Amino acid sequence: MKPKLLYLSRADVEAVGVSMPEIIDALAVAFREHGLGHTQMPPKPSLSSGADSFIHAMPAYIPALRAIGLKWVSGYPDNPSRNLPYISGLIVVNDDQTGLPLAVMDASWVTGMRTGAATALAARYLARPDSSTVGILGCGVQGRTNLRALKCLFPVRQVMAYDANPTNSARYAAEMAAHPEIGGAGVQVTAVDDPRAAVSGCDLVVTAGPILKIPHATIKQGWLDSGAFASMVDYDSYWDGAALQEVDKFCTDDVPQLMHYRGLGYFQSLPPIHASLGELVTGQKPGRESAGERTIACNLGLAIDDMATAPIVYRRAVERGIGVWLEL
Ligand SMILES: NC(=O)c1ccc[n+]([C@@H]2O[C@H](COP(=O)([O-])OP(=O)(O)OC[C@H]3O[C@@H](n4cnc5c(N)ncnc54)[C@H](O)[C@@H]3O)[C@@H](O)[C@H]2O)c1
């Protein structure tokens, strides 16, 4: 029999319907294994064919999940003006016994969901359990999935949504208010035109605008409340150096990758690094220790996030008969 692989389009991946709680659980296993040193994840080789654009190769192996493969993902900041997505790419899932490719799938849904899940996993250790107000800065794909993920773990009641483009924050507020997991669960979503209104007074803050080497540094000292948690999905682009220095615990998903980016010119005003996400999950380092601490998760986005998620999508697609089989 000739080997075959399953091709899953963006619509196929979405139709498979893997839930956010399943992805958070899978990432919890992946980060426990990462914290114990049981994963393989060489640093991302990176290409750039334009200012602030990238194409990354992201390979990973998580033996505990029998998950092995690669994401090939690009980010092109001018794409929205071309009516194209900022982030696009493909994931290859391989067989851990034979190495054969089992599936090729669109990467955008997995990227959106696993990044939200990583924020929620970090928040499980770093945020106050009673956190109920969320600030979203950047109302795109990540603004949506990060909110959905936080709603899975926290008693969210109110969301303040800011975007540099007010049309996007208005559309976000309307869409999220109609979403069964958000508005349908009683959460109130308000579009705001001042970025501070999505930071001060919020328990959980997510910044998800464009990643810039030179931060626009909108969030100033004194904006983030005592006791709040922030997730830097767009790296340090939103943060003024003095505001970052106010933070009590600064954590990241992978210290070597953070240092790699620092070498490339990002993260020039870093506070001391308290822990990696794997160290928080395994208990090697404490998470939040008092209600008044300001905490930050700077998840750069790791190949293990994708490899924890994509094999679930593949297996469920096979069970449900979704996708197109292709001969190798
Ligand atoms: N850390 C990770 O693991 C990870 C993973 C995927 C994407 N990202 C990053 O997350 C960011 C968002 O990605 P996306 O797919 O949601 O993009 P998107 O294009 O869907 O949404 C971005 C939104 O940000 C808005 N925006 C632009 N400048 C802004 C500003 N200064 N303040 C507030 N909003 C602003 C845009 O109008 C748009 O609505 C990107 O920087 C991307 O590289 C990070």
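Above: the structure in question.
Quick summary incoming for the structure in this document. (Residues numbered from 1 in each chain as written. Predicted model: local features only at pLDDT ≥ 70, side-chain atom pairs only at ≥ 80, totals over all residues. Heavy atoms only, no water.)

**A look at the pattern of salt bridges**
The full count for this structure, using the stated rule, is 16 salt bridges. Salt-bridge contacts for Lys-2 lead to Glu-327; the nearest nitrogen and oxygen are separated by 3.9 Å. Highlighted residues: Lys-2 in the segment before β1 (4–8) and Glu-327 in strand β15 (residues 324–327), separated in sequence by 325 residues. The salt bridge involving Arg-144 is made with Glu-175; its shortest N-O contact spans 2.8 Å. Linking Arg-144 in helix α4 (residues 141–153) with Glu-175 in helix α5 (residues 166–178), this pair joins segments that are 31 residues apart in sequence. Overall, Glu-175 belongs to the partly exposed group, its relative accessible area being 37%. Through salt bridges with shared partners, a single network forms among Lys-71, Arg-114, Asp-305 and Asp-306. (Salt bridge = Lys/Arg side-chain N within 4 Å of Asp/Glu carboxyl O. Helix = DSSP H or I, 4+ residues; strand = E, 2+ residues; numbered from the N terminus. Buried < 20%, exposed > 50% of the residue type's maximum accessible area, 1.4 Å probe, protein only.)

**Considerations on the sheet that holds strand β8 (residues 158–162)**
The strand order across the open sheet built from eight strands is β9-β8-β7-β10-β11-β14-β12-β13, with neighbouring strands paired in parallel fashion. Taken across any chain shown, the strands that pair with only one partner, and hence form the sheet edges, are β9 (188–191) and β13 (273–276). Strand-to-strand, the axes of this sheet are offset by a mean angle of 20°, without reference to chain direction. Two elements, strand β7 (residues 133–137) and β8, share five bridges in a ladder whose sense is parallel. Within the sheet, the bridge partner assigned to Leu-137 lies in β8 and is Tyr-162. Taken strand by strand, α5 contacts β7, β8 and β9, and its axis lies near 170° from that of β9. (Pairing = 2+ DSSP bridges. Axes fitted to C-alpha atoms, helices over the stretch in contact; angles between N-to-C directions. Contact = heavy atoms within 4.5 Å.)

**Some words on the nonpolar core**
Formed by 73 residues in total, the largest nonpolar core has its most connected members in Met-105 and Val-313. Here this core gets ten residues from one element, more than from any other, and that element is helix α3 (residues 108–126). Split by domain, the residues of this core number at least three in each of domain 1 (4–110 + 304–327) and domain 2 (128–301). Ignoring any residue separated from it by four or fewer positions in sequence, one finds Met-105 in contact with Leu-8, Val-13, Gly-89, Leu-90, Ile-91, Val-93, Val-110, Ala-310, Val-313 and Tyr-314. (Core = buried A, V, L, I, M, F, W, Y, C linked by side-chain atoms within 4.5 Å. Domains from an automatic or database assignment.)

**Re helix α9 (residues 303–320)**
With 18 residues, α9 ought to run about 26 Å at 1.5 Å a step, and its terminal C-alpha atoms sit 26 Å apart, in line with that. Of all 18 residues making up α9, 14 are buried, and the element is well covered by its neighbours. Looking one or two residues beyond α9, the residue adopting positive phi is Gly-321, at roughly 70°. (Expected span 1.5 Å × (residues − 1).)

**Looking at a nonpolar patch on the surface**
Taken together, Tyr-7, Leu-90, Val-324 and Leu-326 make up a surface patch of nonpolar side chains, about 310 Å² in accessible area. With respect to the secondary-structure elements, Val-324 resides in strand β15. (Patch = residues over 30% accessible without salt bridge, like charges linked within 9 Å, V, L, I, M, F, W, Y side chains within 5 Å. Areas by Shrake-Rupley, 256 points an atom, 1.4 Å probe, with all protein chains shown as cover.)

**Side note on the pairing of β13**
Two strands pair when backbone bridges link them, and strand β12 (residues 249–252) and β13 are joined in this way by three bridges, in the parallel orientation. Its bridge partner being in β13, Thr-252 is matched across the sheet by Ser-276. This β-α-β element, β12 to helix α7 (residues 255–264) to β13, shows right-handed connectivity. (Right-handed = clockwise from strand over helix to strand, strands pointing away.)

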